[in-house]
Amino acid sequence: MNHKMIVHNSHYVVKGTVIALAAVLGMGVASANPVGNSYKVATMPQVKSMLKQDSGKVSGNTVIYTGKKVHVVVAAVLPGFPFPSYEIHDVKNPTLKIPAGATVDVTFINTNKGFGHSFDITQKAPPYAVMPVINPIVAGTGFSPVPEEGKFGYADFTWQAKAGTYYYVCQIPGHAATGMFGKIEVE
Ligand SMILES: [Cu+2]
């Protein structure tokens, strides 16, 4: 209980900072990191059908995507997975391999009742601090709303993937520091 309250208090502090930063840096940052304004709501049956639309193929701890247009569908902390983590095709925090130049449609769904999360892409490598100052974010969702019973927030964004090594991270304080991140290899 205490942990949850601390996370939520910190969440609002960081959220205010992000909004102030976005205001200073202009609309480019605001649209790349919309701070939860663009989330829609799905039920668990809808979430399960959305997860099946991921276009990658699992190979061990890696999900391999092919083609000029790929669709990454990622959940935060599906039932049965350890907190805090991401899942794609039921693989925890997989490495994503994406062709350089691909148009990447990302759908991020927070299925973790009671906790906010984000799915943001950066070239900043781990380790991450408890209060992660992750800058710059190249694309992402910003903070999700906190899911209530049977209602899960999801957000979509499109990323034009250039060659390089990236990481997807959760910017809620403490989450990336305790393992809520994964690698993206674009080549
Ligand atoms: Cu998180």
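Our structure is the block above this text.
What counts, and where the lines are drawn
Residues numbered from 1 in each chain as written. Predicted model: local features only at pLDDT ≥ 70, side-chain atom pairs only at ≥ 80, totals over all residues. Heavy atoms only, no water. Pairing = 2+ DSSP bridges. Helix = DSSP H or I, 4+ residues; strand = E, 2+ residues; numbered from the N terminus. Salt bridge = Lys/Arg side-chain N within 4 Å of Asp/Glu carboxyl O. Buried < 20%, exposed > 50% of the residue type's maximum accessible area, 1.4 Å probe, protein only. Contact = heavy atoms within 4.5 Å. Core = buried A, V, L, I, M, F, W, Y, C linked by side-chain atoms within 4.5 Å. 1 Å grid on protein atoms, 1.4 Å probe; cavity = no way out; pocket = protein on both sides within 12 Å on 5 of 7 lines; lining within 4 Å. Points joined across faces, edges and corners; volume = space filled by probe spheres on them. Nonpolar A, V, L, I, M, F, W, Y, C, P; charged D, E, K, R; others polar. Donors = N, O, S within 2.8 Å, 3.2 Å for Na, K, Ca; no water. Tetrahedral: all angles 85-135°; square planar, octahedral: opposite > 155°, others 65-115°. Phe/Tyr/Trp six-rings, centres within 6.5 Å; stacked < 30°, edge-to-face > 60°.

> Can you break down the sheet that holds strand β1 (residues 40–42) residue by residue, with the values?
Taking strand neighbours across the sheet as the criterion, the six strands line up as β1-β11-β8-β4-β5-β6 in an open arrangement whose pairing is mixed. On the outer flanks of this sheet lie β1 and β6 (91–92), each paired with one strand and no other. As judged from the seven bridges shared by strand β8 (residues 103–110) and strand β11 (residues 152–160), these two strands associate in the antiparallel manner. By the bridge assignment for β11, Asp105 is matched with Thr158.

> Any chance you could break down the pattern of salt bridges for me, citing the residues and the numbers?
Counted under the stated rule, the structure contains six salt bridges. Put simply, Lys40 and Asp156 hold a salt bridge, and the shortest N to O gap is 2.7 Å. Residue Lys40 is located in strand β1, and its partner Asp156 is located in strand β11; the two are separated by 116 residues in the primary sequence. Residue Asp156 is classed as partly exposed on the basis of its relative accessible area of 38%. Measuring nitrogen to oxygen at the nearest pair gives 3.7 Å for the salt bridge that ties Glu185 to Lys183. Overlapping salt bridges bring together Lys97, Lys183, Glu185 and Glu187 as one network.

> Can you tell me about the environment of Val77, naming the residues and giving the values?
The topology assignment puts Val77 in the loop between β4 (69–76) and β5 (86–88). Linking Val77 and Lys92, residues 15 residues apart in sequence, is a C-alpha distance of 8.8 Å. Those residues in contact with Val77 that lie beyond four places of it in its chain are Pro82, Phe83, Pro84, Ser85, Glu87, Thr111, Asn112 and His117.

> Mind laying out the nonpolar core, listing which residues take part and the relevant values?
Buried together is how nonpolar side chains tend to be arranged in soluble globular proteins. Within the largest apolar cluster, 31 residues are counted, with the highest numbers of intra-cluster contacts made by Leu96, Ile98, Val104, Phe119, Trp159 and Ile184. Mapped by element, the contributors of at least two residues to this core are β4, β5, β7 (95–98), β8, β11, β12 (164–169) and β13 (181–186). With near-sequence residues (within four places) excluded, Ile184 lies in contact with Leu96, Ile98, Ile121, Trp159, Gly164, Thr165, Tyr166, Tyr167 and Tyr168. Membership of the second largest hydrophobic core comes to eleven residues, among which are Met50, Val73, Ala75 and Ile109.

> Account for empty space enclosed by the protein, with residues named and values stated.
With the rule as written, the count across this model stands at one cavity of 30 Å³ or more. Contributions of two or more residues to the lining of the largest cavity are made by β7 and β8. Grouping the amino acids of the lining of the largest cavity by side-chain chemistry returns nine nonpolar, no polar and no charged.

> Kindly report on the coordination of the copper ion, identifying the contributing residues and their values.
At this site the copper ion is bound by His117 (ND1), Cys170 (SG), His175 (ND1) and Met180 (SD), with donor distances of 2.0 to 2.5 Å. Every donor counted, the four donor atoms about the copper ion form angles of 92 to 132° at the centre, which fits tetrahedral coordination. In the primary structure, the donors to the copper ion are separated according to the pattern H-x52-C-x4-H-x4-M. Of the two residues, Cys170 sits in the loop between β12 and β13 while Met180 sits in the loop between β12 and β13, which places them ten residues apart along the sequence.

> Help me get a handle on the packing of aromatic side chains, residues and values and all.
Inspection of the entire model under this criterion finds nine aromatic pairs. Note on Tyr128 and Phe181: the rings are 5.3 Å apart at their centroids and 75° apart in plane angle, and the pair reads as edge-to-face. Placement of the pair is Tyr128 in the loop between β9 (120–122) and β10 (137–140) and Phe181 in strand β13, with a sequence separation of 53 residues. We classify Tyr128 as buried; its relative accessible area is 8%. Using a relative accessible area of 25% as the deciding quantity, one classes Phe181 as partly exposed. Members of the aromatic cluster, connected to one another through ring pairs, are Tyr86, Phe108, Phe119, Phe157 and Tyr168.

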